Amino acid sequence: MTIFGYETIGASLEAISEDSDEHISASLFKSGVAGTLDNIKVALRCASGTRTADILVGMWKHSDLSLVSSSDIENITLTTTPTYYTFTSVSGDPVLASTDYLLGVEADYIDQKIYVSYDTGDTDQRHKDDHTWTGSLPNPFVVGLHGTIKYSIYATYTPTGGAGGEAVGSFQGLARDLTLTLPTPFSKRFPKFKPRILI
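This report concerns the structure included in the present document. (Residues numbered from 1 in each chain as written. Predicted model: local features only at pLDDT ≥ 70, side-chain atom pairs only at ≥ 80, totals over all residues. Heavy atoms only, no water.)

It is worth spelling out the overall build of the protein chain at this point. Within the protein chain one finds 2 helices and 16 strands. Split into buried and exposed, the 199 residues of the protein chain put 41% on the buried side. Of the contacts formed within the protein chain by residues at least 6 apart in sequence, a portion of 83% connects residues at least 24 apart. Taken as a whole, the protein chain presents about 10900 Å² of accessible surface, with 53% of it coming from carbon and sulfur. (Helix = DSSP H or I, 4+ residues; strand = E, 2+ residues; numbered from the N terminus. Buried < 20%, exposed > 50% of the residue type's maximum accessible area, 1.4 Å probe, protein only. Contact = heavy atoms within 4.5 Å. Areas by Shrake-Rupley, 256 points an atom, 1.4 Å probe, with all protein chains shown as cover.)

Quick look at the structure:
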């Protein structure tokens, strides 16, 4: 399996769902080889105690901001400890090789803030969409704000051809270069030899 995104639970928190501000928090990451998604994980916590909240995660192609993968709504019980939660309903969606994607998360506000973890990232790595919760993610992503933030969100996916896809390709390349040498026929090795019949 292959991963792209940020696999560390960041030291800082951003509220993605509060009474006056619902939005999608996403960061820009580049994929490696081509493949298909297995899951998206994101580090979340609630403001106090425990809280059950509806969460969506998604992946957008950065070049045109089109939505290429969206999870089902997951009703997740959060605590005050930032924890990675796994969304497997994105499984099977395609990942292109060496492509810039936005990985993002949205939460439905109920009665307390929901937070996503983050650390300092690269210039304009953060992308914010001021999208009010509707139960589905926008297509395209509408960038309202950039920032130097990388959220604790990452995608796990299987390279095209499976875990051994690249190894199989290398083996095929070897096979194409292989020259098979057959034994020289007996008559060519001994052209003047004539069998004698003994009476």
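Now, onward.
Bringing the environment of Glu22 into the picture now. Assignment of secondary structure puts Glu22 in strand 3 (residues 21-22). Assessed through its relative accessible area of 17%, Glu22 is described here as buried. Measuring from C-alpha to C-alpha, the distance between Glu22 and His131 comes to 6.5 Å, with 109 residues separating the pair along the chain. Those residues in contact with Glu22, other than ones at most four positions away along the chain, are Ile16, Ser17, Ala107, Asp108, Tyr109, Asp130, His131, Thr132 and Trp133. Here the side chain of Glu22 touches Tyr109 through a polar contact of 3.0 Å, landing on its backbone nitrogen. At 3.0 Å, the side chain of Glu22 forms a polar contact with the backbone nitrogen of Trp133. (Polar contact = N/O pair within 3.5 Å; in protein donor to acceptor, adjacent residues only side chain to side chain.)

Relative to the elements of secondary structure, Arg126 occurs in strand 13 (residues 126-129). Using a relative accessible area of 11% as the deciding quantity, one classes Arg126 as buried. Setting aside residues no more than four positions away along its own chain, Arg126 makes contact with Glu14, Ala26, Ser27, Leu145, His146, Gly147, Ile149 and Tyr151.

Moving on, we come to the nonpolar core. In terms of nonpolar packing, the biggest core is built from 31 residues, with Phe4, Leu44 and Ile55 touching the most fellow members. Those elements that provide at least two residues to this core are strand 5 (35-46), strand 6 (51-61), strand 8 (74-78), strand 9 (83-87), strand 11 (100-107), strand 12 (114-120), strand 15 (149-151) and strand 16 (153-159). Ranked by residue count, the leading element in this core is strand 5, at 5 residues. Counting 8 residues, the second-largest nonpolar core is a separate cluster that includes Leu56, Trp60, Leu102 and Leu137. (Core = buried A, V, L, I, M, F, W, Y, C linked by side-chain atoms within 4.5 Å.)

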